[in-house]
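Below, each chain spelled out in residue letters.
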Amino acid sequence: MGARTKARKRAADILFESEQRSTDPLVLLQDRVIEPHTEASVPQYTVELVEGVVAHRERIDELLETYSRDWTLARMPAVDRALLRVGVFEVLYNDDVPDVVAVDEAVDLARELSTDDSPGFVNGLLGRILEIKPTLVD
């Protein structure tokens, strides 16, 4: 697993955990950053992802809710929500990552961490966001 893949997984883990514990993701992130050079240390790219998702969460969630067919955010598995939020952030707000890479990474993590149906769902929804990206203005 590459460094960026690990960072994405850590970001999804932090977003998932914060939702499960009803904790602010930035507070949870800060708790993890305090322990540098330990097994729990957080890569800089994880910090960027979590902070980016939090900064754009309202818009990201609006897009996920709008373009997922027959699935509300609340109905999606929590792991999928976290992965989709990271994926949408990378597609829309991180020009350093090719869009196809962001989608592929989210799908691969869904395959590893979520249900059998999740990779197809994540791929379809992020693919739709990617299709309409040129029309999205923030």
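Per chain, the residues get numbers from 1 upward, laid out in the order the sequence is written. Confidence filtering applies because this is a predicted model: local features only for residues at pLDDT of at least 70, side-chain atom pairs given and counted only at 80 or more, and all residues used for totals across whole chains, interfaces and linings. Hydrogens and water are ignored here; the side-chain numbers use all heavy atoms of the structure.

Caption draft 1: Molecular detail of the environment of Gly-127. Position of Gly-127 among the secondary structure elements: in helix α7 (residues 118–132). Residues Gly-127 and Arg-4, 123 residues apart in the sequence, show an inter-C-alpha distance of 21 Å. The helix and strand labels rest on DSSP assignments: H or I over at least four residues marks a helix, E over at least two residues marks a strand, and numbering proceeds from the N terminus.

Caption draft 2: Layout of the nonpolar core. Grouped together as the largest cluster of nonpolar side chains are 40 residues, with contacts concentrated most on Leu-64, Leu-84, Val-88, Leu-92, Val-122 and Leu-126. No other element matches helix α5 (residues 78–93), which puts 8 residues into this core. In what follows, residue pairs with any heavy atoms lying within 4.5 Å of each other are defined as contacts. Apart from residues lying up to four places away in sequence, Leu-84 is in contact with Leu-64, Met-76, Phe-121, Val-122, Leu-125 and Leu-126. We call a set of buried Ala, Val, Leu, Ile, Met, Phe, Trp, Tyr and Cys residues a nonpolar core when their side-chain atoms join them within 4.5 Å. A simple rule labels every residue: compare its accessible area, found with a 1.4 Å probe on the protein chains alone, to the largest value its type can have, and call it buried under 20%, exposed over 50%, or partly exposed in between.

Caption draft 3: View of the pattern of salt bridges. A pair is scored as a salt bridge if a Lys or Arg side-chain nitrogen falls within 4 Å of a carboxyl oxygen belonging to Asp or Glu. Going through the model one piece at a time under the given rule, you end up with 13 salt bridges. Linking Glu-19 and Arg-85 is a salt bridge whose minimum nitrogen-to-oxygen distance equals 3.0 Å. You can see Glu-19 sitting in helix α1 (residues 3–20) and its partner Arg-85 sitting in helix α5, a full 66 residues away along the chain. For Glu-19, a relative accessible area of 27% puts it in the partly exposed group. Note that Arg-128 is salt-bridged to Glu-131, the shortest N-O span being 3.1 Å. Taken together, the positions of Arg-128 and Glu-131, both in helix α7 and 3 residues apart, correspond to about one turn of that helix.

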